[in-house]
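Fold and contact review
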Amino acid sequence: MLSCWLLSKCDCKKEKEKKANCFLKMLTNSSEFRTTLTRCVTTNPCDTLLPILDNLQGFLCTKESFSSPPFEELLTAVQTRLPDLLQASAGSEAVFTVLEVACNIRRLHTKSSSVCDSQDLKMVCKVIQLLVRDAHLVAMTTTAGINYLYITLLQTAAMDDFRILSVIITNSALLQKLQHCLSNVGQQELSLESGDSSSSGTGQCIAAGLLVAALAKFEQHGSVKASHVVTVTVEWLFAASSSTDQRLQACALQLWTTWFISNCHSSVLRVYRDQRLSMLRDEDVGLSISSRDLRLLLLILQRQIYMDVGLVHHSAVRCLQVALAYSRQKNTALAQHLVLQPWSQTLLQALADKCESGLSASAFFSLLLLVSLVEEVSTSHSSTSVLRNVICIRCHFLMTLLSVILY
């Protein structure tokens, strides 16, 4: 009886809402219901399971984690059927729901996060096939598919398993798809004050950018080379870094960061300036980015660090760290010049003031890192006034920290 109810379809909107509410209550409170649901997922044909996925997705997206064995068993059963469910839903609106469920299961199902088995590889291949072969996928479905690849890559690569990386980075059709998603959002569109992310393609642009950044980050560890180079212009990155969309800002910062980490030489990511500048012969020697662009990037990063907005703040601190490390390696004089600017001291002092007033925990840790960076780069500089100011700020900050701990 319960199985028939689970697999039944509702045509009326009120009936769908009533069934969804009942589904959520029973899934949360009834072990018998969870057992029956797990058995249905395991034994029934895929096309009959699609109605269940909508209700299951509504439940999964509200959860942060699962620790009880009954839920683990249910997630394992659903995950095992995902490749077949994706194939059964191809060409219909249900494909988006399947991908969303897949993303949430990767996020929640910690037991499977660290292990890449045959089902994971099969699902990744199915998702790639869907992305590259269906030219009429709507933006939100494309975004969900790329997000699934991104989450799976991060989880498996974190465990030094680079099989997913190899599958993705050697698929030239997929990399061309990512290029298309990034290129679909132009600089003028990035500069708009507002807009619908789903209709404009911004969502899939962000997903594609994050996946490319992850590929560039892990490619050296996996010892694999990309079959196609994704290109991004400096102008586009500046526009995205200054966008009003915080997700787009974080995406651009990830691309900047991985590019600098790869020493500006990645087989999957190439950053170049669309409009060439006249190179400063002395200042730009050995750099893959002009000193003018580097100065502008650091100003953008310092502003984002000062604004202290969640994920963007942390991404900006990391990007500033690797950008200074790159410039110091290539041109020590330029690195010292970038650090020993009045606005650098202003940023450090502003962060110290925020810490003292107790307004920002993120500023607390950012200040420690930035002070260390300034000291490291400026130690060999003939002028010690900036360094003395930095040390004074650090001493004042440490005294503040000590008073917080004691009282």
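Structural data are supplied above this passage.
Residues numbered from 1 in each chain as written. Predicted model: local features only at pLDDT ≥ 70, side-chain atom pairs only at ≥ 80, totals over all residues. Heavy atoms only, no water.

1. Digging into the overall build of the protein chain
- If you tally the helices and strands in the protein chain, you get 22 helices and two strands.
- Taken across its 407 residues, the protein chain has 50% of its residues classed as buried.
- For the protein chain, the share of sequence-separated contacts (at least 6 apart) that also reach a separation of at least 24 residues comes to 75%.
- Total accessible area on the protein chain is roughly 19700 Å²; 55% of this is exposed by carbon and sulfur atoms. (Helix = DSSP H or I, 4+ residues; strand = E, 2+ residues; numbered from the N terminus. Buried < 20%, exposed > 50% of the residue type's maximum accessible area, 1.4 Å probe, protein only. Contact = heavy atoms within 4.5 Å. Areas by Shrake-Rupley, 256 points an atom, 1.4 Å probe, with all protein chains shown as cover.)

2. A closer look at the nonpolar core
- Judged by nonpolar contacts, the single largest core of 108 residues is most densely connected at Leu149, Leu215, Trp256 and Phe260.
- If one sorts the elements of this core by residue count, helix α14 (residues 202-222) sits on top with 11 residues.
- If sequence neighbours within four positions are ignored, Leu215 has contacts with Leu153, Leu165, Ile168, Ile169, Leu175, Leu178 and Val268. (Core = buried A, V, L, I, M, F, W, Y, C linked by side-chain atoms within 4.5 Å.)

3. With respect to the packing of aromatic side chains
- One pass over the structure, following the stated rule, counts six aromatic pairs.
- By the ring-pair criterion, three or more aromatic residues cluster together here, those being Phe238, Trp256, Trp259, Phe260 and Tyr326. (Phe/Tyr/Trp six-rings, centres within 6.5 Å; stacked < 30°, edge-to-face > 60°.)

4. Here we look at the packing of helix α17 (residues 291-307) against helix α19 (residues 332-339)
- Viewed as axis vectors pointing N to C, α17 and α19 meet at an angle of 35 degrees, and their least axial separation amounts to 11 Å. You can see that α17 and α19 cross each other, and the crossing is right-handed. Judged by residue contacts, Ser291, Leu294, Arg295 and Leu298 of α17 engage Leu334, His337 and Leu338 from α19.
- Along the lines of polarity and charge, the residues of the contact of α17 with α19 split into four nonpolar, two polar and one charged. (Axes fitted to C-alpha atoms, helices over the stretch in contact; angles between N-to-C directions. Left-handed = near helix turned anticlockwise from the far one by under 90°. Nonpolar A, V, L, I, M, F, W, Y, C, P; charged D, E, K, R; others polar.)

5. Concerning the environment of Ala208
- Mapped onto the elements of the fold, Ala208 is located in helix α14.
- Assessed through its relative accessible area of 0%, Ala208 is described here as buried.
- Separated by 33 residues in the primary sequence, Ala208 and Leu175 have C-alpha atoms spaced 9.2 Å apart.

6. Concerning the pattern of salt bridges
- Tallied over the full model, the rule gives six salt bridges.
- Lys122 is the salt-bridge partner of Asp84, the closest N and O atoms lying 3.6 Å from each other. With Asp84 in helix α5 (residues 69-89) and Lys122 in helix α8 (residues 118-133), the pair connects residues that are 38 residues apart, well separated along the chain.
- We note a salt bridge from Asp120 to Arg106, for which the minimum N-O separation is 2.9 Å. With Asp120 in helix α8 and Arg106 in helix α6 (residues 94-108), this pair connects stretches of sequence that are 14 residues apart. Arg106 carries the same exposure label as Asp120, and that label is buried.
- A cluster of three or more residues bridged by salt bridges with shared partners is formed by Glu235, Arg273 and Asp293. (Salt bridge = Lys/Arg side-chain N within 4 Å of Asp/Glu carboxyl O.)

7. Here we look at the side chain of Gln179
- With respect to the helices and strands, the residue Gln179 is situated in helix α11 (residues 172-183).
- Of the residues examined, Gln179 reaches a relative accessible area of 14% and is grouped as buried.
- Residues in contact with Gln179, not counting those within four places in the same chain, are Val229, Val230 and Thr231.

8. Section: unusual backbone geometry
- Positive phi is not limited to glycine here, since Asp160 has a value of about 60 degrees.
- Of note, Asp160 is situated in the loop between α9 (139-157) and α10 (163-169).
- For Asp160, a relative accessible area of 62% translates into the label exposed.
- Not every positive phi belongs to a glycine, and Asn263 is a case in point at roughly 60 degrees.
- Relative to the elements of secondary structure, Asn263 occurs in the loop between α16 (246-261) and β2 (269-272).

9. Digging into helix α4 (residues 46-60)
- Taking 1.5 Å per residue, 15 residues should reach 21 Å; α4 reaches 19 Å between its end C-alpha atoms and fits that length.
- The largest bend in α4 amounts to roughly 40 degrees and is located at Ile52.
- Burial within α4 is extensive, with 11 of its 15 residues counted as buried. (Expected span 1.5 Å × (residues − 1). Bend = angle between axes of the 7 residues up to and from the residue.)

10. Thoughts on the pairing of β2
- Residue alternation in β2 divides its side chains into a buried set, Leu269 and Val271, and an unburied set, Arg270 and Tyr272.
- Sheet topology places strand β1 (residues 230-233) next to β2; four bridges connect them, and they run parallel. Following the sheet pairing, Thr231 is matched in β2 by Arg270. (Pairing = 2+ DSSP bridges.)

11. Quick notes on the packing of helix α15 (residues 234-241) against α17
- Contact geometry for α15 and α17: axes closest at 11 Å, N-to-C directions at 15 degrees. Judged by the inter-axis angle, α15 sits roughly parallel to α17. Regarding α15 and α17, the two cross each other, and that crossing is left-handed. Judged by residue contacts, Val234, Phe238 and Ser241 of α15 engage Asp293, Leu296, Leu297, Ile300 and Gln304 from α17.
- Looking at the contact of α15 with α17, its residues break down into five nonpolar, two polar and one charged. (Parallel < 35°, antiparallel > 145°, perpendicular 65-115°, else oblique.)

12. Re the environment of Lys122
- Taking relative accessible area as the criterion, Lys122 reaches 34% and is therefore assigned partly exposed.
- On a C-alpha basis, the gap between Lys122 and Asp84 in space is 9.6 Å, while along the polypeptide they are 38 residues apart.
- When residues no more than four places from it in sequence are discounted, the contact partners of Lys122 are Pro83 and Asp84.

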